[in-house]
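Inside the fold
Given next are the chains, with one letter for each unit.
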Amino acid sequence: MAKIVVCDDEANIRGAVMALVGMLGHEVTGFADGEELLDNLGLGEHFVSPLTPDLLILDIRMPKQDGFSVLARLQADERCRKIPVIILTSQGKTKELFQLAGVSAFLEKPFDPEALQKEVQRFLP
Amino acid sequence: MSIQTRLTLTISALITSTLVAAFLIWGLTEFVHLKNEQTREQQLTLEKLCGVCREAALNQNDVILMNYIELLKSTPGFVYAAFLDSRRVTRVHSDPALLSKILDDPVSRAGAQAEAPLRQVYVGARGSRIVDWAAPVNNNGRRLGTARLGLDEEALRRVIRGVLTLTLRRFLWVAIGSLFVGFLGAAFLARGFNRPITQLSEGVRKIGEGDLDCRLDLSRSDELGYLAGEFNRMAQKLKELDELKESFLNNISHEMRSPLTAILGYVGVLAADKKTVPSPLMTKSLKIIQDEAKRLAGFINDILDLAKMQADKIEFDFREMDLATLAREVGDLFRPNAEQCQIRLNLAIDDAPDPAAFHVRGDREALRRVLVNLLSNALKFTPNNGVVQIFVQDRGQELMSGVQDNGIGIPKESIDKLFTKFTQVKETRNMVRKVSGTGLGLALAKEIVEAHGGRIGVASEINKGAAFYFILSKQGPAVEPASGQTIPPRLLG
């Protein structure tokens, strides 16, 4: 059973993603913004016993710390650099996003539920 | 005619006409003045002659008079000078042959009777016109005789003409000089105007092309400077509006996509939930919710993508790809849909020995969107039992692809408007089946094809069908599309 972390500020989107991924038999944790996520990964300012997920599903537009700064922090950390990241955003395919290091997959909102499940299965067979 | 030429010509013409008018006025005054001066001089000479005549008559000494007359011969236009006694007998004459003769011609008679200096003009023996001056020589009221002076009128005129010609020549030099200076000045002035005007029109062109960062640097305090200032203000305003539109679109996109994402996500959750067996009504309802939410999402995507493409903000991913394979895929995708409408969906792909014949540099997803749009349009507007065909043709340096049908066709007057957004031909609405659509598909297709350096078009006849086609250069967008004539595909119907 792999650990998956979902980070999206929209509770209902987060809920849907968690339900869809949870159906595949993984342990899913959700966070509402980048700061909360970074804290729980052990990269934040507040100490929380660090979580090392096997996959991260990340939104870009979030309050406090957005997806870009989360990605930057992940890249800077030895332990978290290897975590595959699926970007789930409504920003569209801008060049900016394509060039980000550490992005493993890219899904545009509104996403196709089956496509999301397939992407997750690609990284966690 | 350019402003520079016009300004130069106008200023030159102005200088010329001013100079001509000035010369005419000045010349006329000078002429009158010279003429008066000459007359006054002649009168003075005559007066002096009279004095010498009186002296000679009183002293009975003609020698001084003869000497004086000898002196007079050097005056310009001199013909003769004489002293006649009261019986009109020549006492002294510059022409010795006429001495001691009674002069009985009408001019002499009139001169002899004149109480004051008299000017007469007559034609002399040699045919030249002669100005004759006659004045009485009196002593204490007694008339001693008449003094006469003859001058050649032509010679007198020549003197005036000589003076006028000389001044005219000087005047001409001045005129040429000022024309030259005026010409240079006008050219300089025009250049001064030309540069900012060129800058302004260049700026307007740039703004028109969408370069809203264009600003003009014209430090002038005149109307052109004012215009440049207004131009910069306008450009600033446009930029602000553009940014407003951009942030508006971004907000809309986020605010509309988020709820749609949640709806579609949870529909997905319900559909994928294997634990409960849904009733047929639930399945049907979920399908409808999903379809409608997808339609709305598609519409939002189309609007946003179109806006981005028109602002050149979409990055296309150009790679070598096979257009024929893509056409087959799109055909397969729509086959169930076509069968449902009882439409025969054909693929018309040329047989090509070269496996790379249909290779093109393009963005696969974008081109798929073009074909999907064209095909779904064709299916919408073709009646049951109709034929729809996807085609790909090798045209040497170019590929032509598209979709044709034998449906209701498009009226000629509507063809031009087809590729603008939110356009759906009114008359065709609801003619085949309930046609729904955003009217964005063709506008998007056009933007995509043009971003690939290609061109898109349509051939259609009402009730015979329509053929939508696009032509791409195999080299991709970097190479200008061949300027060869576009031969549209033949219609099916």
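Structural notes, computed from the coordinates. Please read all numbers here as calculations on a predicted model, not as lab measurements.

1. Description of the overall build of chain B
Of the regular secondary structure elements, chain B holds 10 helices and 12 strands. Against the 2.2 N^0.38 benchmark of 23 Å for 493 residues, chain B shows a C-alpha radius of gyration of 52 Å, more extended than a compact globule. Expressed along its principal axes, the backbone C-alpha trace of chain B runs to roughly 165 × 50 × 40 Å. In chain B, which comprises 493 residues, the share counted as buried stands at 40%. Contacts in chain B between residues at least 24 apart in sequence constitute 65% of all its contacts with a sequence separation of at least 6. Carbon and sulfur atoms provide 58% of the accessible area of chain B, an area that totals close to 28,300 Å². Each charge sign in chain B was given a centre, from 63 positive and 57 negative side chains, and these centres are 5 Å apart.

2. Brief notes about the interface of chain B and chain A
Interfaces are often sized by the accessible area lost when the parts come together. With 19 residues of chain B at the interface, the matching set in chain A holds 19 residues. Summed over both partners, the interface of chain B with chain A comes to about 1,800 Å²; 61% of that surface belongs to carbon and sulfur atoms. Summed over the three residues of chain B that lose the most area to chain A, namely H254, R257 and T261 of chain B, the buried surface amounts to 30% of that side. Counting across the interface, chain B meets chain A through one salt bridge. Here E108 of chain A makes a salt bridge to R257 of chain B, at a shortest N to O gap of 3.4 Å. Where chain B meets chain A, there are three residue pairs in polar contact (both at pLDDT 80 or more). Of all the elements in the fold, those that place two or more residues in the side of chain B that touches chain A are α5 (223-272) and α6 (280-310) of chain B. Here the element with the most residues in the side of chain B that touches chain A is α5 of chain B; it accounts for 15 residues.

3. Quick notes on the pairing of strand β2 (residues 27-31) of chain A
All names here are of chain A. One ladder, built from five bridges, connects strand β1 (residues 3-7) with β2; its direction is parallel. The residue bridging V6 from the neighbouring strand is G30, located in β2. Regarding the hand of the β-α-β motif, the stretch spanning β1, helix α1 (residues 11-22) and β2 is right-handed.

4. Quick notes on the pattern of salt bridges
Residues and elements named next belong to chain B. All chains considered together, the criterion is met by 32 salt bridges over all chains. Between R364 and E329 there is a salt bridge, with its nearest N and O atoms 3.0 Å apart. Linking R364 in helix α8 (residues 364-380) with E329 in helix α7 (residues 323-340), this pair joins segments that are 35 residues apart in sequence. On the basis of relative accessibility, which here comes to 30%, the residue E329 falls in the partly exposed class. Across the pair K474 and D394 runs a salt bridge whose closest N-O atoms are separated by 2.7 Å. Highlighted residues: K474 in the segment after β12 (465-473) and D394 in strand β9 (residues 387-395), separated in sequence by 80 residues. Residue classification places K474 among the buried residues on the basis of a relative accessible area of 18%. Looking at D394, the relative accessible area reads 33%, which means it is partly exposed. One connected set of salt bridges, linked through shared partners, spans E329, R364, E365 and R368.

Rules behind the numbers
Residues numbered from 1 in each chain as written. Chains lettered and ligands numbered in written order. Predicted model: local features only at pLDDT ≥ 70, side-chain atom pairs only at ≥ 80, totals over all residues. Heavy atoms only, no water. Helix = DSSP H or I, 4+ residues; strand = E, 2+ residues; numbered from the N terminus. Rg over C-alpha atoms; globule rule 2.2 N^0.38 Å. Buried < 20%, exposed > 50% of the residue type's maximum accessible area, 1.4 Å probe, protein only. Contact = heavy atoms within 4.5 Å. Areas by Shrake-Rupley, 256 points an atom, 1.4 Å probe, with all protein chains shown as cover. Lys, Arg positive; Asp, Glu negative; His and termini not counted. Charge placed at Lys NZ, Arg CZ, Asp CG, Glu CD. Buried area = accessible area lost by both parts, 1.4 Å probe. Salt bridge = Lys/Arg side-chain N within 4 Å of Asp/Glu carboxyl O. Polar contact = N/O pair within 3.5 Å; in protein donor to acceptor, adjacent residues only side chain to side chain. Pairing = 2+ DSSP bridges. Right-handed = clockwise from strand over helix to strand, strands pointing away.

Coordinates in, geometry out; function isn't part of it.
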